[in-house]
Structure formats: C-alpha cells, structure tokens
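Structural characterization, general
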Amino acid sequence: MILEIKKLPGSEMGISIEVPADEFEKYSKQAFEEISKDVSMPGFRPGKVPPELLKENIDSEAVLKKAAEHAIQKNYLPVLQEKKIEAIGRPEIVITKIAKGNSFCFKVKTAVLPEIILPDYKKIAADVRGKDEFSIKDDASEEEKGKMQQTKRMKILEAINDVMEIDIPSIMIKTEKEKMLGELKTSVENMRMKWKDYMSQIKKTEDDLRKEWQEDAIRRIRYGLILRALGDRENIQVSAEEVDTDVEKILKQLSAAGSGASDIDTGYLKSYTYGMIRNEKVFGFLEICSKTI
C-alpha cells in the first residue's frame with residue numbers, strides 16, 4: 001500500500017491511498033462471489049449457476065463498485081489506527097483510479113481532533129488564584145464556598161483558553177449545536193411543555209437557535225478539548241469502580257424521579273459520567289497547582 005498524508009486547513013486531513021493491483025484483485029474476486037450468490041437463472045438454484053454463465057450475466061461495474069467498498073474498508077481504518085489519526089465525522093471519499101487489473105486509488109478528506117498545544121497552565125492557575133476576588137470569607141456558607149470554587153475554576157479555564165489557538169473543524173461545531181438543541185428539548189420536556197409550543201412562545205426557529213449558539217458552541221468545544229488535553233498530559237485516571245458507583249447513584253435518582261431503566265442509554269451514561277469525574281479531577285489538579293506555585 002502506498003500512502004500519502006497531508007494536513008489541511010480547518011483541522012482536516014487529506015489521505016491518499018493506493019492499493020496494489022494484486023490486492024485489489026482479491027477484493028474483486030470476493031465481490032464477484034458475493035454478487036453471484038444472489039444471481040438466479042432459469043434451471044439453476046441460487047448459488048449454483050456455473051461460473052462461465054455468471055461472468056456473462058454479472059455487471060462488471062457492480063463487481064468493481066463492491067470491490068472498491070472492500071478495498072476502502074480494509075485499508076482506510078487501519079491507516080487511522082497505525083498513524084494514530086483521530087478522525088471525526090463522516091469522511092469525504094473520492095475514487096481516483098479504478099480498473100480491472102490495475103491498482104486502486106482513492107483519496108479521503110476527514111476532520112480530525114484539533115492539535116492542542118497547552119500553555120503553562122500551572123502558572124496560569126496560580127495567577128488566577130492570586131487575585132483578591134477569589135478570597136473566601138471565614139464566615140462564608142458551604143453554598144457560597146461552592147459557588148466561589150466553581151467561579152474560580154471557570155476563571156482558570158477561561159484564562160488558559162484565552163492564550164490558546166485551536167483550529168476547530170466545522171463538523172465539531174455542527175455536532176455541538178445539535179447536542180445543545182437536544183439538551184434544550186430535554187429541559188423543555190421536563191417542564192411538561194411541548195417543543196412546538198415552546199418554539200412558538202419564543203418566536204424562533206431551530207435554525208435561529210443554531211445561529212445564536214455559534215460562539216457558545218465554540219466555547220464549549222474549546223473548554224472540552226482543553227480539559228481532555230490536561231487530563232492526558234497529567235495522566236489523570238478514572239477507574240471503572242468510580243464510574244459504576246456514580247452511575248448507580250444517578251440511576252437511583254432517575255428511578256426516584258419516575259424514569260425506568262429501559263429509558264436510559266447506559267452506555268452514554270457511563271461515558272458522560274467518566275467525563276464528569278475526569279473533569280472534576282482535572283479541576284482539582286489545577287487547584288492544587290495554584291496553591292503550590
């Protein structure tokens with residue numbers, strides 16, 4: 001396999017792959033066998049048509065098309081794994097060369113997770129903590145302390161974000177907006193209100209909301225990427241036991257609120273819980289850094 005990889009603007013990657021002729025011939029034979037199983041001819045049972053008759057009745061273009069699908073499937077994903085390319089979204093695939101007895105060539109353009117170059121986040125955390133606005137009075141209530149802690153955490157994250165350049169692909173922004181829309185719909189449903197009535201009340205369309213959310217979506221993505229990169233840099237781990245314990249608590253709360261277990265995507269819940277625990281640990285780490293520098 002001949003491979004060429006190029007970085008493209010907008011956090012995208014261009015990948016050109018050439019599959020040797022002998023390898024593509026194997027995919028062509030596989031495609032022919034698969035198609036032949038569905039061919040029916042008078043006097044023959046399905047799958048029992050003689051090869052010479054099959055060659056006359058099977059469209060060679062259909063064989064090439066299916067062979068191309070096999071070649072792309074067998075070569076594209078291994079390239080991502082081997083080169084550690086974190087592709088996201090649906091890739092654009094263009095076949096540049098396909099013919100019987102020849103090598104098979106195709107190009108892929110895919111969005112990838114942006115490269116994150118972290119600044120001196122420990123110093124930034126210490127600088128934020130040193131500001132008088134975060135001093136907590138001795139007689140502050142637990143609620144006030146909790147709010148101050150949350151405010152301080154967001155200030156640290158904002159300060160780190162402000163000195164970073166992150167090239168976010170459009171697919172991530174689009175996906176984040178759809179996530180925000182889903183969250184709003186869930187919130188409206190919890191208020192026992194129909195989505196149509198809510199939209200009529202605020203006099204906006206879903207597209208209006210998506211446009212309004214542009215900056216918020218970008219901010220959410222940037223913060224998420226920064227927290228992820230910090231967790232990776234500091235090798236912050238979350239055990240399966242920690243996740244299971246918190247998931248069990250959430251399920252009990254949902255059950256008490258009237259939600260059945262069958263209504264819950266436990267796979268998503270575990271992934272969400274893992275992220276929440278890890279982010280909490282990252283913030284805890286930043287707070288420790290701010291005190292030791």
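So, a few notes on the structure that sits alongside this text.

What follows is about the packing of aromatic side chains. Applying the stated criterion across every chain yields a total of 5 aromatic pairs. Taken together, a centroid distance of 5.6 Å and an interplanar angle of 25° make the contact between Trp195 and Tyr198 stacked. Here the residue Trp195 and the residue Tyr198 both occupy positions in helix H7 (residues 195–202), the gap between them amounting to 3 residues, near one helical turn. Pair check on accessibility: Trp195 and Tyr198 agree, each one buried. Following the ring pairs from residue to residue traces out a cluster consisting of Phe24, Phe104 and Phe106.

Time to look at the pattern of salt bridges. Tallied over the full model, the rule gives 21 salt bridges. Between Lys185 and Glu206 there is a salt bridge; the shortest N-O distance is 3.4 Å. With Lys185 in helix H6 (residues 170–190) and Glu206 in helix H8 (residues 206–212), the pair connects residues that are 21 residues apart, well separated along the chain. Its relative accessible area of 29% is what places Lys185 among the partly exposed residues. A relative accessible area of 24% places Glu206 in the partly exposed class.

Our next topic: the nonpolar core. Tyr121, Ile160, Trp195, Ile226, Leu230 and Leu286 are the most contacted members of the largest nonpolar core, which totals 37 residues. Among the elements of the structure, helix H4 (121–129), helix H5 (142–162), H6, H7, helix H9 (214–233) and helix H11 (266–292) are those that each provide at least two residues to this core. The dominant element in this core, judged by the number of residues it contributes, is H9, at 8 residues. Look past the residues within four positions of Ile226 in its chain and what remains in contact with it is Leu118, Leu157, Ile160, Asn161, Met164 and Ile166.

Let us look at the side chain of Glu287. Mapped onto the elements, Glu287 comes out in helix H11. Here Gln149 takes part through its side chain, which lies 3.5 Å from a polar atom of the side chain of Glu287.

The next point concerns the environment of Thr96. Relative to the helices and strands, Thr96 resides in strand E3 (residues 87–97). With 10 residues separating them along the chain, Thr96 and Phe106 place their C-alpha atoms 5.1 Å apart. Discounting chain neighbours no more than four positions away, the residues touching Thr96 are Cys105, Phe106 and Lys107.

What follows concerns the pairing of E3. When E3 meets strand E4 (residues 104–112), the two strands line up antiparallel, connected through 7 bridges. Across the sheet, residue Ile88 finds its bridge partner in E4, namely Ala111. Here E3 folds back onto E4 in antiparallel fashion, the turn holding 6 residues, of which Gly101 has a positive phi close to 85°.

Cut-offs used in this document
Residues numbered from 1 in each chain as written. Predicted model: local features only at pLDDT ≥ 70, side-chain atom pairs only at ≥ 80, totals over all residues. Heavy atoms only, no water. Phe/Tyr/Trp six-rings, centres within 6.5 Å; stacked < 30°, edge-to-face > 60°. Helix = DSSP H or I, 4+ residues; strand = E, 2+ residues; numbered from the N terminus. Buried < 20%, exposed > 50% of the residue type's maximum accessible area, 1.4 Å probe, protein only. Salt bridge = Lys/Arg side-chain N within 4 Å of Asp/Glu carboxyl O. Core = buried A, V, L, I, M, F, W, Y, C linked by side-chain atoms within 4.5 Å. Contact = heavy atoms within 4.5 Å. Polar contact = N/O pair within 3.5 Å; in protein donor to acceptor, adjacent residues only side chain to side chain. Pairing = 2+ DSSP bridges.

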